[in-house]
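Spelled out from the first residue to the last, the chains are:
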Amino acid sequence: MSSDNEPTWRICRKAVWMLIQNVNNLADAEALLNRQENDLHIASGKCFILLLTAIQRPEKSRLESAQAEFKRFEARCGAMLDGGGWLGMVRRKLQFSSGAAAGVDHYDGQIALADVTLCIVGLMVVKVMNGYNVGHIAIAKTVYSLRRVWKMYQQCYASVLDVYRAVYDLDPDENAPRWPPVLKRRQSSSAASLASTSNVGSRMYRSATTSFETFRQDSVSNEMSKDVIRLMTAVSVGYGAFNLILSLVSPMMIPLIGMLGFRGNRRTGLDALMFAKNGPDVHAPLAWLILSWYHMMGNTDFLFDGPHSRENETYVKESEQLVCNPPEEFRNSTSLQYFIGRSFYLKGDLEQSIRAYEIGSTVLVDNSFVSMKTMCLHELGFMYAIKLDWIAAYKKFASVAEVWMKQYHYFMATVCAGAAGDTTTAELMRRRTDEVVSGCRSDACRGTMNSFMESKETKVAEALRWTAAASSEDDADSKHGHVLCNHCDGQRYCRLIAYEVLYVKYGVAKWPEDALHAVLSDCQEAEDDDNTMLYTKQLLTVVCQRVLGFVDDYRQSLIDIVENMDRNQRRDHLYVYGVYELTAEQIRHNEVNIVLLIT
């Protein structure tokens, strides 16, 4: 519990992360925050908790109650920053204030206002995702609010950074501080000379400027230095997250978001978040989570930078640093085990990755808002598939399918059981997949993976019948050879589907050597092969041979694959990967005159 002298921003951090780690701690978290209800940090923490509970249980009454509370806090922050309207603003510009706390409170209010406005946007997203009719006007207002939040973070970040420059060493060309902060040497310059060497006054109210300038002259060991760091780390989370996320949008969306006033710089966002993760308040663990998601999830699941980003040593090193220095809230947690497993996979240590995921998947109580136990089981299914342990893989996928993304995981369980030759289990998983699909035929349920699964549905069923027929054939030797061939083809077809999904999700650079050889063996042409997996086999052969170092130049092979797919109007995800691999290979050989095959 907290002491009476503990800063309220620290109490807020304890309460919020107490709830995130265990949703059953809601009463304890609220009790911790009810001690000082009128405090800005406490009220901000309550809003964050309201958003989290609304995400977990999105009942209409709960969403409306949360929205009303957000609006009240937004109005309170706005009134505090307005400080008397137009006349108050003029008075602040004409007068000096000697109260050091005025500058801190002003920036705390700006950050709290931006955060609660973002909570309002998040609540609208929750409504849309849960099928509530929000209307076009509400969506337009949400986009406007999001733009307003972005502007608030930009302005607040610029102002606090100017204060930070006045107190701590920072290169003039840098727009993000580095950790740890280094105080400047004490100077005896006057407030006027300090203002002349810095543009602090041009970006802050006079009250805030005077407060920080007075502190800067008097003593750098003042407690105010901690407030400067806290404010800088707090605003860096929103500013950095916006820059990072906006830099990840599709190139086709860039003109639209630019027209709406958004822009993002990836490096700026990452630098800001790297600084923010060391902060003292509730924003620091959030910065760590965003960075961990980007380095260890985003660039493997969502392919923001293409398949080869998963092989980049920079991501490997940064992911290792993140798991070695987690915030105190995540030590000994399932979430940390998940990211440790990701980090080991990025380093190519499959056994250690599996060990970390197994630890994370066997926790007795997993009451966090995002079930990391389920996430660990999800990853274990793929890790065992990469190891070619198909039985273990289908068991993990079947466990996950009971609680999350049923169609996807039942499909993967079907494929893995079929790859192992267990047709009874595979057929059971396939029937469960069909049951899920029959209950989810709307457009909202469709996506790239859904289309892929539906395109393979008939062929997978046929492959399972071939395998089952071969297993039960005891006589008719003249037929046995033919059925045995189909038996091998049925299992091989399931393995090829698994390889394709694994390649799209993880790439092949970190696979064990025996797994790569197994892929090459299964990709060899057979007499009874049809054309349904032709391009899958060709592309997998090229990328696996590249990793094994069999041939140095694969450009012609990739050109042939992409040209044939283009000629046959095969424009699915595999075509995109083929074009990407060809482009990367051309760049690797320093060929500037790359001919793009996409019209």
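All of these numbers come straight from a predicted model, not from anything done at the bench.

*Asks:* Help me get a handle on unusual backbone geometry, residues and values and all.
*Replies:* With an omega of 0 degrees, the peptide bond between tryptophan 179 and proline 180 qualifies as cis. As for its placement among the helices and strands, proline 180 is situated in the loop between α7 (136–167) and α8 (191–196). Positive phi is not limited to glycine here, since methionine 405 has a value of about 45 degrees. Here methionine 405 is to be found in the loop between α19 (390–401) and α20 (406–420).

*Asks:* How would you sum up a nonpolar patch on the surface? Please name residues and give values.
*Replies:* On the surface, a nonpolar cluster with roughly 510 Å² of combined accessible area is contributed by Ile139, Val143, Met253, Leu256, Met259 and Leu260. Secondary-structure elements contributing two or more residues to the nonpolar patch are α7 and α12 (254–259). Inspection of the secondary structure assignment puts valine 143 in helix α7. Overall, the relative accessible area of 35% leaves valine 143 in the partly exposed class.

*Asks:* Give a description of the UniProt feature "transmembrane region" (unreviewed entry) in the chain that names residues and reports values.
*Replies:* Per the UniProt entry, the sites bearing "transmembrane region" (unreviewed entry) are residues 239–262 in this numbering. Across residues 239–262 one finds 58% helix and 0% strand; the C-alpha atoms that close the span lie 12 Å apart.

*Asks:* Talk me through the UniProt feature "coiled-coil region" (unreviewed entry) in the chain; I want residue IDs and the actual numbers.
*Replies:* With numbering matched to this structure, UniProt assigns "coiled-coil region" (unreviewed entry) to residues 19–46. The straight-line gap between the two end C-alpha atoms of residues 19–46 is 11 Å; of that span, 64% is helix and 0% is strand.

*Asks:* I'd love a proper account of the environment of leucine 246, names of residues and values included.
*Replies:* Take leucine 246: it is sitting in helix α11 (residues 224–246). Counting along the chain gives 17 residues from leucine 246 to arginine 263, while the straight-line C-alpha distance between them is 6.3 Å. Apart from residues no more than four positions distant in its own chain, leucine 246 is found in contact with Trp150, Ile257, Phe262, Arg263 and Gly264.

*Asks:* Lay out the pattern of salt bridges in plain terms, naming residues and giving numbers.
*Replies:* As a working rule, side chains carrying opposite charge can pair if their charged atoms are close by. As enumerated under the stated definition, the model contains 22 salt bridges in all. Ionic pairing is found between lysine 396 and glutamate 358, a salt bridge with its closest N-O pair at 3.6 Å. Here lysine 396 is found in helix α19, whereas its partner glutamate 358 is found in helix α17 (residues 350–361), with 38 residues between them in sequence. Judged by its relative accessible area of 21%, glutamate 358 is partly exposed. A salt bridge links arginine 432 to glutamate 402; the shortest N-O distance between them is 3.6 Å. Residue arginine 432 is found in helix α21 (residues 423–438), and its partner glutamate 402 is found in the loop between α19 and α20; the two are separated by 30 residues along the sequence. One salt-bridge network, held together by shared partners, links Lys71, Glu74 and Arg148.

*Asks:* An account of the nonpolar core is needed here, citing residue identities and associated values.
*Replies:* Ranked by internal contacts, the top residues of the largest apolar core, which has 113 residues, are Tyr338, Phe382, Met383, Ile386, Ile497, Tyr506 and Trp511. In contact with tryptophan 511, other than residues within four places in its own chain, are Tyr345, Ile386, Tyr499, Leu502, Tyr503, Tyr506, Leu516 and Val519. Residues Val235, Leu246, Ile257 and Phe262 belong to the second largest nonpolar core, which totals 49 residues.

*Asks:* Describe the side chain of glutamate 318, with residues and values.
*Replies:* Turning to its location among the elements, glutamate 318 is positioned in helix α15 (residues 313–324). One buried charged residue, glutamate 318, forms no salt bridge at all, with the nearest opposite charge on arginine 267 at 4.5 Å. The residues contacting glutamate 318, other than those within four sequence positions of it, are Arg267 and His295.

*Asks:* Give me the lowdown on empty space enclosed by the protein, citing residues and values where you can.
*Replies:* One pass over the structure, following the stated rule, counts 7 cavities of 30 Å³ or more. A volume near 140 Å³ is recorded for the largest cavity. Along the wall of the largest cavity there are 15 residues; nearest its centre are His41, Ser44, Asp115, Asp281 and His283. Sorting the residues of the lining of the largest cavity by element identifies α1 (8–21), α3 (40–56), α6 (100–129) and α11 as the ones contributing at least two each. When grouped by side-chain class, the residues that make up the lining of the largest cavity number 7 nonpolar, 4 polar and 4 charged. For the second largest cavity, the calculated volume is near 100 Å³. In terms of lining residues, the second largest cavity is bounded by Gln407, Phe411, Thr414, Arg430, Thr433, Asp434, Val437, Met453, Glu454, Glu457 and Val460. Secondary structure elements with two or more residues in the lining of the second largest cavity: α20, α21 and α22 (448–472). In terms of residue class, the lining of the second largest cavity is made up of 4 nonpolar, 3 polar and 4 charged.

*Asks:* Explain the packing of aromatic side chains to me, and be specific about the residues and the numbers.
*Replies:* Applying the stated criterion across every chain, the model contains 18 aromatic pairs. Ring plane angle 25 degrees and centroid distance 5.4 Å describe the contact between tryptophan 150 and phenylalanine 242, whose orientation is recorded as stacked. Of this pair, tryptophan 150 sits in helix α7 while phenylalanine 242 is found in helix α11, placing the two residues 92 residues apart along the sequence. Per residue, the accessibility class of tryptophan 150 equals that of phenylalanine 242, and both read buried. Seen from their ring centres, tyrosine 345 and tyrosine 506 are 5.2 Å apart, and the 65 degrees between their planes marks the pair as edge-to-face.

About the thresholds
Residues numbered from 1 in each chain as written. Predicted model: local features only at pLDDT ≥ 70, side-chain atom pairs only at ≥ 80, totals over all residues. Heavy atoms only, no water. Helix = DSSP H or I, 4+ residues; strand = E, 2+ residues; numbered from the N terminus. Patch = residues over 30% accessible without salt bridge, like charges linked within 9 Å, V, L, I, M, F, W, Y side chains within 5 Å. Areas by Shrake-Rupley, 256 points an atom, 1.4 Å probe, with all protein chains shown as cover. Salt bridge = Lys/Arg side-chain N within 4 Å of Asp/Glu carboxyl O. Buried < 20%, exposed > 50% of the residue type's maximum accessible area, 1.4 Å probe, protein only. UniProt positions renumbered as here; feature names shortened; annotations may be inferred. Contact = heavy atoms within 4.5 Å. Core = buried A, V, L, I, M, F, W, Y, C linked by side-chain atoms within 4.5 Å. Lys, Arg positive; Asp, Glu negative; His and termini not counted. 1 Å grid on protein atoms, 1.4 Å probe; cavity = no way out; pocket = protein on both sides within 12 Å on 5 of 7 lines; lining within 4 Å. Points joined across faces, edges and corners; volume = space filled by probe spheres on them. Nonpolar A, V, L, I, M, F, W, Y, C, P; charged D, E, K, R; others polar. Phe/Tyr/Trp six-rings, centres within 6.5 Å; stacked < 30°, edge-to-face > 60°.

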